[in-house]
Amino acid sequence: MIIAALLTAAALLPTATFQEGGRSGGSWTLLPFPDGSFQMPGPTRTLPTRPNRGNGSSGSTPTTPATEPSSTAPSTPTTGAPTTGAPPSTPNHPPVTSGPNAGAPASTPTIAGWDPMVVETEMPALLDLDTWNIWWRFRREGYLRIEPWQTAPMTGDAAGRTESGAISRATVRTRILPALVAALEDDPSEALRTALLLTLARIGDGSGASLSRSELHDLLADGLDDPNQTLAETACVSLGILASSGSLSTLSALLLDTEVGRELVDERSVPLRMRAFAAYGIGLLGQRTSISDVRAYATHTLVTALEHEVDAAPDERIATLVALSMIDPSDRPVASPAVATVGGSAGRIKDKCACASNDELARLLLDMLDTRREDERTRAHLPAALATLVPYVSIDVREDVIDALTTTASRGRERDSVREGCILALGRIGDADEDEVDEDIRKELTKLATDGNQRARSFAMIALARIAGRPGAGDGDPHAGTTAVRTFLLKRLGRARTQDRSWNALALGVMERALRDTGGLPSTDTLDALRDGLRAASSPEESAAYSIALGLSRDAGAMRALEEQLDDQGAATRSFVALALGMTGAPTAGDALRASLSRAKHEPTTLENTARALALLHDPATVPAILALDEECDCSLSRQGMALALGRTRHPDATLPLLELFENEKASDLERAYAAIGLGYLAEKDELAWSTPLASIVNYRATPDTLTSAQQGGILDLP
């Protein structure tokens, strides 16, 4: 899986070849750091030439309906009852290049498998999973939603606008989708083809267009048997991103390794990575569909894989659990007397599927958590699935789940990643009222934030912050925990160890943002402490953390202090500070951000994040300021960064410039791939990025390669 960062100057970098599972892979490329040295944050793959496969759909692709079914599920085994969609996660982005060869043309287009922020940085700690930067990378999208621009209806070249400022679906259907499909049918390079598949999936809905959902499905599914591993995996993920119920039977066949699934990939068995990506795709589809029967079938398929594939590799089982965590179970029965509860060892196949009720599924997952037969990383992802079920199980089962999570989180001999998964889950379950169970959860997390190891402390602080920002509906004061947690975090900030200060600041920002989102006001004590911390920060990483915390708190009063950081810091820190300024909502921060935009024309990540910051502020000069960069620097690297920046604005006025770049016959395939990704950002069919619900729940300290990987790339490394 690739596309976390499209690179240039690849021909000058050291490479090593690889091959996996009979599919051609390519060669790894080491990424240059600003000082010219080579390290291993995210190898890139030089993609082999793909033979012309035509533009029809694969003959083995299952037939899918032309329209969404209304109330009937796909023809599959039935389950006890339906299910529902879930909460909204992080994608990544393309460009990354710095160092002596930045901007040089590449002889072969390449795409990297890691976040470009890793390369544009003076902070090597970004590669350390224990730092706050990685938490932010996975969780940020939920905090960066851009409200629709307020623009008047337009005619002529600007007719793609709507009165509310959103890009009209008519423009998507009649202008953007046809351009993407035409490029896909023109046998593009591998880099461009990969970008096209993802963009078609994230913006396509087919409604009222000549391109139906079933035709979109067939376009994407045609890549499942591609001899290039990356393209085949991208096609699989794209079916999940498309989130059409007609894709569910295809993804189920791949996950369960059926005869149909093997025909789809033209292999004797469905490759392990493909099965994992199919599971993620089912989760994405089940989370977004409005059809209860489709949710029920998605859950049925995932539970079937869990129960019957007890010896499956961890990648597949983790993907299945993550997918289950994404599907809201609110319309499934709490308990079903007809189905016996699970007893004994995990993985014992019952007469009836555990998806028949929430209680039965919770007991299956508890058994898996309790046994050491499961791989450590698999057990580390069980708590998230249990947390999703907690509001929809019986009281007895809820108590069992919370007791298991609390006990496991505090068990000294337990694996760290499993404890951390439990800590994150408790942060999703508890609230700020005076119910006994909520007070116990807060007490346990406070202890872990004080006495646990560094990993436990960091996640415990974030979990406490999430709980404190969630008013309760139970006994006593709904905000009792808010006051107690804020006091604890502020007192702790003043005497925190060096490695804890950034996490502590971030937790305060998370708490204040949650309170803002529920109609509350931030604490002046918190804002003062964060401003003081920014002034006293002893490292670029700490400055960035305090900046993001102030942005999360929407502290417009911190604007001047943040603007000073834009002048004083390097590219990586400026990227964080720019986002922070945008999140504060300070209306007069536009001038400083536009100046930073010009300075970042050779820093794609900083350019992209600065554009997002301006868009968060609804600065009217955002799109013109980005377009002006082309006059300042007419180079490939600048145009790649501009494409992403234009897409991130989600402004209708960015449509034509992106289409012009995408359709420019003189542009390189790499530049067109960036433009395609920019169009995907611009016209995404949902308010939040497709990966937001996925990245927001994963325990990233126990992720398999199919979730994220510097070597092979995972679903969260996609743009």
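Residues numbered from 1 in each chain as written. Predicted model: local features only at pLDDT ≥ 70, side-chain atom pairs only at ≥ 80, totals over all residues. Heavy atoms only, no water.

Let's shift gears to the overall build of the protein chain. When you go through the protein chain residue by residue, the secondary structure sums to 29 helices and 5 strands. Taken across its 719 residues, the protein chain has 64% of its residues classed as buried. By element, 48% of the accessible surface of the protein chain is carried by carbon and sulfur atoms, the whole surface being about 24,500 Å². (Helix = DSSP H or I, 4+ residues; strand = E, 2+ residues; numbered from the N terminus. Buried < 20%, exposed > 50% of the residue type's maximum accessible area, 1.4 Å probe, protein only. Areas by Shrake-Rupley, 256 points an atom, 1.4 Å probe, with all protein chains shown as cover.)

Glancing now at the nonpolar core. Core analysis: the biggest nonpolar cluster contains 193 residues, and Trp135, Trp136, Leu365, Leu445, Phe662 and Ile715 have the highest contact counts within it. Once residues lying within four places of it in the same chain are set aside, the contact partners of leucine 365 are Leu306, Leu321, Leu382, Ala385, Leu386 and Leu389. (Core = buried A, V, L, I, M, F, W, Y, C linked by side-chain atoms within 4.5 Å. Contact = heavy atoms within 4.5 Å.)

Moving on: the side chain of glutamate 512. With respect to the helices and strands, the residue glutamate 512 is situated in helix H18 (residues 498-517). Excluding residues within four positions of it along the chain, glutamate 512 makes contact with Arg486, Leu521, Pro522, Ser523, Thr526 and Ser553.

This next bit is on unusual backbone geometry. With phi around 50°, aspartate 187 is a residue other than glycine that occupies positive phi space. Turning to its location among the elements, aspartate 187 is positioned in the loop between helix H2 (169-184) and helix H3 (190-203). The phi torsion at aspartate 266 lies on the positive side, around 55°, for a residue other than glycine. With respect to the helices, strands and loops of the structure, aspartate 266 is situated in the loop between helix H7 (259-265) and helix H8 (272-288).

Attention now goes to the side chain of histidine 651. By the secondary structure assignment, histidine 651 is in the loop between helix H26 (636-649) and helix H27 (655-663). According to the relative accessible area criterion, histidine 651 is buried, its value standing at 7%. Polar contacts involving the side chain of histidine 651 include one to the main-chain amide nitrogen of aspartate 653, which spans 3.0 Å. (Polar contact = N/O pair within 3.5 Å; in protein donor to acceptor, adjacent residues only side chain to side chain.)

This part takes up helix H19 (residues 524-536). In this model H19 runs 18 Å from its N-terminal to its C-terminal C-alpha over 13 residues, within 8% of the 18 Å that 1.5 Å per residue would give. If you check which residues of H19 are buried, you get Thr526, Leu527, Leu530, Gly533 and Leu534. Along the axis of H19, the buried positions cluster into a sector of 125°, meaning they face one direction only. For H19, the exposed residues lying more than 90 degrees away from the buried face are Thr524, Asp525, Arg535 and Ala536. Elements that come into contact with the buried residues of H19 comprise helix H17 (480-495), H18, helix H20 (540-552) and helix H21 (559-568). The backbone nitrogen of aspartate 525 has a side-chain oxygen 3.1 Å away, supplied by the residue at the start of H19, namely serine 523. (Expected span 1.5 Å × (residues − 1). Arc of directions from axis to C-beta.)

What follows covers the environment of aspartate 331. Positionally, aspartate 331 belongs in the loop between helix H10 (314-326) and helix H11 (358-370). Looking at aspartate 331, the relative accessible area reads 27%, which means it is partly exposed. Between the alpha carbons of aspartate 331 and serine 292 there is a distance of 7.6 Å; along the sequence they are 39 residues apart. Looking at aspartate 331, its side chain comes within polar contact range of the side chain of arginine 295, at 2.8 Å.

Relative to the elements of secondary structure, threonine 487 occurs in helix H17. Once the C-alpha coordinates of threonine 487 and threonine 526 are considered, the two residues, 39 residues apart in sequence, prove to be 9.4 Å apart. In this structure the side chain of threonine 487 is engaged in a polar contact, spanning 2.9 Å, whose partner is the backbone oxygen of threonine 483.

Attention now goes to the environment of valine 265. Tracing the sequence through the fold places valine 265 in helix H7. For the pair valine 265 and glycine 223, spaced 42 residues apart in the sequence, the C-alpha separation amounts to 8.7 Å.

Let us now look at the packing of aromatic side chains. By the definition in use, this model includes 6 aromatic pairs. Judged by centre distance (5.1 Å) and plane angle (5°), the ring pair of phenylalanine 138 and tyrosine 700 falls under stacked. Of this pair, phenylalanine 138 sits in helix H1 (residues 132-139) while tyrosine 700 sits in the segment after helix H29 (692-695); the two residues are 562 residues apart in sequence, bridging distant segments of the chain. For the pair phenylalanine 138 and tyrosine 700, a shared accessibility class is recorded, and that class is buried. (Phe/Tyr/Trp six-rings, centres within 6.5 Å; stacked < 30°, edge-to-face > 60°.)

Side chains of Glu434, Glu436, Glu439, Asp440, Asp475 and Asp477 sit close together on the surface and give a patch of like negative charge. What makes aspartate 475 exposed here is its relative accessible area of 51%. (Patch = residues over 30% accessible without salt bridge, like charges linked within 9 Å, V, L, I, M, F, W, Y side chains within 5 Å. Salt bridge = Lys/Arg side-chain N within 4 Å of Asp/Glu carboxyl O. Lys, Arg positive; Asp, Glu negative; His and termini not counted. Charge placed at Lys NZ, Arg CZ, Asp CG, Glu CD.)

Running from N to C, H8 and helix H9 (residues 292-308) cross one another at 155°; their axes reach a closest spacing of 9 Å. Compared by their axis directions, H8 and H9 come out roughly antiparallel. Considering the relative orientation of H8 and H9, their crossing is left-handed. Here Ala279, Ile282, Leu285 and Gly286 of H8 lie close against H9, whose contacting residues are Val294, Arg295, Ala298, Thr301 and Leu302. In terms of residue class, the contact of H8 with H9 is made up of 6 nonpolar, 2 polar and 1 charged. (Axes fitted to C-alpha atoms, helices over the stretch in contact; angles between N-to-C directions. Parallel < 35°, antiparallel > 145°, perpendicular 65-115°, else oblique. Left-handed = near helix turned anticlockwise from the far one by under 90°. Nonpolar A, V, L, I, M, F, W, Y, C, P; charged D, E, K, R; others polar.)

It is the contact of helix H16 (residues 454-468) with H18, at a shortest axis distance of 7 Å, that shows an interaxial angle of 15°. Viewed along their axes, H16 and H18 adopt a mutual orientation that is roughly parallel. The chirality of how H16 crosses H18 is right-handed. Contacts between H16 and H18 involve Gln454, Arg457, Ser458, Phe459, Met461, Ile462, Ala465, Arg466 and Ala468 on the former and, on the latter, Gln499, Asp500, Trp503, Asn504, Leu506, Ala507, Val510, Met511 and Leu515. Classifying every residue of the contact of H16 with H18 gives 11 nonpolar, 4 polar and 3 charged.

Further remarks concern the pattern of salt bridges. Counted according to the given criterion, the structure contains 37 salt bridges. For arginine 275, the salt bridge is made with glutamate 316, and the minimal N-O distance between the two is 3.3 Å. Here glutamate 316 lies in helix H10 and arginine 275 lies in helix H8, a separation of 41 residues in the sequence. Connected through shared salt-bridge partners, Asp257, Glu259, Arg262, Arg275 and Glu316 make up one network.

The next subject is the confidence of the model for the protein chain. Mean pLDDT over the protein chain: 80, with 77% of residues reaching 70 or higher. For residues 1-126, every residue scores under 50 in pLDDT, and the model assigns this stretch 412 contacts once sequence neighbours within four places are set aside. Segment residues 152-164: pLDDT under 50, and 24 contacts once partners within four positions in sequence are set aside and those in other chains are kept. (pLDDT = per-residue confidence, 0-100.)

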